[in-house]
Amino acid sequence: MNKLTVVMYHYVRNILDSRYPDIKGLELDLFIKQLEFFRDNYSFVTMEDVILSKKNGSLLPENAILLTFDDAYSEHFSQVYPILKGFGVQGSFFVPVKAVVEHKLLDVNKIHFILSSVEDINLLIEDIKSDIEVYRDEYSLDDFSSYFSKWAIANRFDIKEVIFVKRMLQHALPEELRNTLSSKYFEKYVGVSERAFAKELYMNESQLKQMVRDGMHVGAHGYDHYWWDKLDSDSLEVEITKSMDFLSSLGCDMSNWTACYPYGSSSGDVVSTLKKHGCELAFTTEVNVANLEQHDSLLLPRLDTNDFPPKSDNYINFTHNK
């Protein structure tokens, strides 16, 4: 079988020594140790290797591994990229365009830093409960208990209270209200200018162009970082085409462009839209090792950095799956 292990990263930084030590990510020294583990146990491949394999059926090396980095954080350029260069490894970086070109904080990042800054998650839940009552008539909202029972469901990384906050501010509430509340809570708990924060948090266009010139791969991650499967066809078309235009402006090879679903938000309609625009590969958040002979090229699964040493040995549960 033509197997490929795809690893997903988000924050890779000196977290414990930062202003936000509760942010969930990978410490930089552990990232280096993880690369050493991969070097000793896997064969690094490039995105171009994977595209070629998918196109002509050629086999990847045994224990092939591809590294992907979501959301275009500034440390991906300042710290991750030089380390990858030192190991002779290509990284694939998926960029939400609005964060880079408009210096706007993505809702997902506002939520991360709100959660990292609040002392007690129940305080934030009380804020949401109160605001649901304030805006209930204006936005025809359900009652708080209905939202909580529907969305407060723990996953393998977060407790149910955290998931509830994320889902309410990501998509459960109307977009206009989500924007209002996330900015309100960001000001209350983080207390920093959103624009200034965004300029520090994300890479800029010059940095992305430098990485493209130097052999790194840069792919699409939407313009606004919306849940693609929740958009109507026209809005989805805008998200995809604006992402493609941005990749082209960076000097990316648009005959081999790729995508990564924000929040893993794939669907049949989304796949069809990507296919229509010639997307070669697209990556989900489904937890598994990819089999290029079986998986759709636009629905490739990934494992998380936390599934590998030095964080854990969870990868073993997927490596030997048939």
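Below you will find a few notes about this structure. Remember, it's a predicted structure, so these values are computed and weren't measured experimentally.

1. What to know about the overall build of the protein chain
- Looking only at helices and strands, one finds 14 helices and 11 strands in the protein chain.
- Against the globule reference of 20 Å for 322 residues, the protein chain gives a C-alpha radius of gyration of 20 Å, in line with a compact fold.
- Seen through its principal axes, the protein chain has C-alpha atoms that stretch 60 × 45 × 40 Å.
- Sequence separation of at least 24 residues holds for 67% of the intrachain contacts in the protein chain that already meet a minimum separation of 6.
- Carbon and sulfur atoms make up 46% of the accessible area of the protein chain, which amounts to about 14,200 Å² in all.
- Placing the 33 positive and 49 negative side-chain charges of the protein chain at their respective mean positions leaves the two points 1 Å apart.

2. Side note on the packing of aromatic side chains
- Enumeration according to the criterion identifies 26 aromatic pairs in this entry.
- Between the aromatic rings of Phe-38 and Phe-308, the centroid separation amounts to 5.1 Å while the plane-to-plane angle is 85°, which identifies the pairing as edge-to-face. Placement of the pair is Phe-38 in helix α1 (residues 28-41) and Phe-308 in the loop between β11 (300-304) and α14 (316-319), with a sequence separation of 270 residues.
- Accessibility expressed as a relative area gives 0% for Phe-38, which makes it buried.
- Residue classification places Phe-308 among the buried positions, given a relative accessible area of 0%.
- One aromatic cluster in this structure is built from Tyr-11, Tyr-20, Tyr-73, Phe-113, Phe-186, Phe-197 and Tyr-202.
- When the ring centre of Trp-227 is taken as origin, the NZ or CZ atom of Lys-230, which lies over that ring, is 5.5 Å away.
- For the cation-ring pair, Lys-242 lies above Tyr-223, with the distance from its terminal atom to the ring centre recorded as 3.8 Å.

3. Some remarks on the packing of helix α3 (residues 74-87) against helix α11 (residues 205-213)
- Contact pair α3 / α11: the axes reach a minimum separation of 10 Å and the direction vectors enclose 25°. Relative to α11, α3 is oriented roughly parallel. Contacts from His-76, Phe-77 and Tyr-81 of α3 reach α11 at Gln-207, Gln-210 and Met-211.
- The class makeup of the residues in the contact of α3 with α11 is three nonpolar, three polar and no charged.

4. What to know about α1
- End to end, α1 covers 20 Å across 14 residues, agreeing with the expected 20 Å (1.5 Å per residue, within 8%).
- Among the residues of α1, Leu-28, Phe-31, Gln-34, Leu-35, Phe-37 and Phe-38 are the ones counted as buried. The arc that holds the buried residues of α1, viewed along the axis, is 160°, so those residues lie on one side.
- Tucked into the core, α1 has its buried residues touching β1 (3-9), β2 (12-13), β3 (26-27), β4 (43-44), β5 (64-70) and α3.

5. Digging into the pattern of salt bridges
- Counted under the stated rule, the structure contains 16 salt bridges.
- Arg-19 is the salt-bridge partner of Glu-200, the closest N and O atoms lying 2.9 Å from each other. Here Glu-200 is found in helix α10 (residues 194-201), whereas its partner Arg-19 is found in the loop between β2 and β3, with 181 residues between them in sequence.
- On the accessibility criterion, Arg-19 (60% relative accessible area) is exposed.
- The partner of Lys-55 in a salt bridge is Glu-280, and the shortest N-O contact between them spans 3.5 Å. Here Glu-280 lies in the loop between α13 (268-276) and β9 (281-287) and Lys-55 lies in helix α2 (residues 47-56), a separation of 225 residues in the sequence.
- Overall, Lys-55 belongs to the exposed group, its relative accessible area being 52%.

6. Description of the pairing of β9
- Note: strand β8 (residues 258-260) against β9, three bridges, orientation parallel. Across the sheet, the residue bridging to Thr-258 is Leu-281, located in β9.
- In this view, the connection linking β8 to its parallel neighbour β9 by way of α13 has right-handed handedness.
- The sheet contact formed by β9 and β11 spans two bridges and is parallel. Residue pairing across strands places Phe-283 opposite Leu-300, the latter belonging to β11.

What counts and what doesn't
- Residues numbered from 1 in each chain as written.
- Predicted model: local features only at pLDDT ≥ 70, side-chain atom pairs only at ≥ 80, totals over all residues.
- Heavy atoms only, no water.
- Helix = DSSP H or I, 4+ residues; strand = E, 2+ residues; numbered from the N terminus.
- Rg over C-alpha atoms; globule rule 2.2 N^0.38 Å.
- Contact = heavy atoms within 4.5 Å.
- Areas by Shrake-Rupley, 256 points an atom, 1.4 Å probe, with all protein chains shown as cover.
- Lys, Arg positive; Asp, Glu negative; His and termini not counted.
- Charge placed at Lys NZ, Arg CZ, Asp CG, Glu CD.
- Phe/Tyr/Trp six-rings, centres within 6.5 Å; stacked < 30°, edge-to-face > 60°.
- Buried < 20%, exposed > 50% of the residue type's maximum accessible area, 1.4 Å probe, protein only.
- Lys NZ or Arg CZ within 6 Å of the ring centre and 35° of its normal.
- Axes fitted to C-alpha atoms, helices over the stretch in contact; angles between N-to-C directions.
- Parallel < 35°, antiparallel > 145°, perpendicular 65-115°, else oblique.
- Nonpolar A, V, L, I, M, F, W, Y, C, P; charged D, E, K, R; others polar.
- Expected span 1.5 Å × (residues − 1).
- Arc of directions from axis to C-beta.
- Salt bridge = Lys/Arg side-chain N within 4 Å of Asp/Glu carboxyl O.
- Pairing = 2+ DSSP bridges.
- Right-handed = clockwise from strand over helix to strand, strands pointing away.

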